[in-house]
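Understanding the architecture of this molecule
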Amino acid sequence: MSIITASVLGLAAVLLAVQFKSKGGEYGTYLIMAAGLILFFYGTGKMQIIIDTAHQIQSYIHINSVYLTTLLKMAGITYIAEFASGICKDAGYGAIGTQIEIFAKLSILAVSMPVLLALLETLRDFLA
């Protein structure tokens, strides 16, 4: 799916949801959620390309696999959290969407701690 197809799908869903708003707001919300899920699963399909490229980069540079795994985890957390937060905010539950975003930020911070510790250890070795 190209960006043009994804954009057309999203715009069509929004235009249909606007039409349903006068008849019943919940139908528009369901339509937006369905379009969002379709785009979400096509987006996760692109992750395979990113993973393959990351493994190819790892074979060229010979870096520790922990760093690439951490980077991919952070990208996945961000993608899923933004999707879920957007759906919650569109449905009128902005407080839950904000809580999802805060939890995602804390999760990214927790996942990145081993990388931060490795960086600090490297700095300590250079300064010693």
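Residues numbered from 1 in each chain as written. Predicted model: local features only at pLDDT ≥ 70, side-chain atom pairs only at ≥ 80, totals over all residues. Heavy atoms only, no water.

- Named according to an unreviewed UniProt entry, the protein is Stage III sporulation protein AD originating from Clostridium symbiosum.

1. Re a nonpolar patch on the surface
- A contiguous nonpolar patch, built from Ile-102, Leu-106, Leu-109, Met-113, Leu-116, Leu-117, Leu-119, Leu-120, Leu-123, Phe-126 and Leu-127 and spanning about 1100 Å² of accessible area, is present on the exposed surface.
- If you trace the backbone, Leu-127 turns up in helix 4 (residues 94-127).
- Exposure remark for Leu-127: the relative accessible area of 77% places this residue in the exposed category. (Patch = residues over 30% accessible without salt bridge, like charges linked within 9 Å, V, L, I, M, F, W, Y side chains within 5 Å. Areas by Shrake-Rupley, 256 points an atom, 1.4 Å probe, with all protein chains shown as cover. Salt bridge = Lys/Arg side-chain N within 4 Å of Asp/Glu carboxyl O. Helix = DSSP H or I, 4+ residues; strand = E, 2+ residues; numbered from the N terminus. Buried < 20%, exposed > 50% of the residue type's maximum accessible area, 1.4 Å probe, protein only.)

2. Comments concerning helix 2 (residues 25-61)
- With 37 residues, helix 2 extends 53 Å from end C-alpha to end C-alpha; this agrees with the ideal 54 Å at 1.5 Å per step.
- Backbone geometry just downstream of helix 2 places His-62 in the positive-phi region, at approximately 60 degrees. (Expected span 1.5 Å × (residues − 1).)

3. Thoughts on helix 4
- With 34 residues, helix 4 should cover 50 Å at 1.5 Å per step; its first-to-last C-alpha distance of 47 Å lies within 8% of that length.
- The principal kink in helix 4, of about 45 degrees, is found at Met-113, preceding the proline Pro-114 by one to four residues. (Bend = angle between axes of the 7 residues up to and from the residue.)

4. Notes on the UniProt feature "transmembrane region" (unreviewed entry) in the protein
- Mapped onto this numbering, the UniProt entry gives "transmembrane region" (unreviewed entry) at residues 27-45, 66-87 and 102-120.
- Counted over residues 27-45, helix gives 100% and strand 0%. Its end C-alpha atoms are 27 Å apart.
- Span residues 66-87 is 100% helix and 0% strand, its end C-alpha atoms 32 Å apart. (UniProt positions renumbered as here; feature names shortened; annotations may be inferred.)

5. Points about the domain arrangement of the protein
- In terms of domains, the protein is made up of domain 1 (1-45) and domain 2 (62-127).
- Of note, the centres of domain 1 and domain 2, computed from C-alpha atoms alone, are 27 Å apart.
- The interface is formed by 9 residues belonging to domain 1 together with 6 residues belonging to domain 2.
- At the boundary of domain 1 with domain 2, total buried surface from both sides reaches about 540 Å², with 84% on carbon and sulfur atoms.
- Where domain 1 meets domain 2, there are 1 residue pair in polar contact (both at pLDDT 80 or more).
- Of the residues belonging to the side of domain 1 that touches domain 2, the class tally is 5 nonpolar, 4 polar and no charged. (Domains from an automatic or database assignment. Contact = heavy atoms within 4.5 Å. Buried area = accessible area lost by both parts, 1.4 Å probe. Polar contact = N/O pair within 3.5 Å; in protein donor to acceptor, adjacent residues only side chain to side chain. Nonpolar A, V, L, I, M, F, W, Y, C, P; charged D, E, K, R; others polar.)

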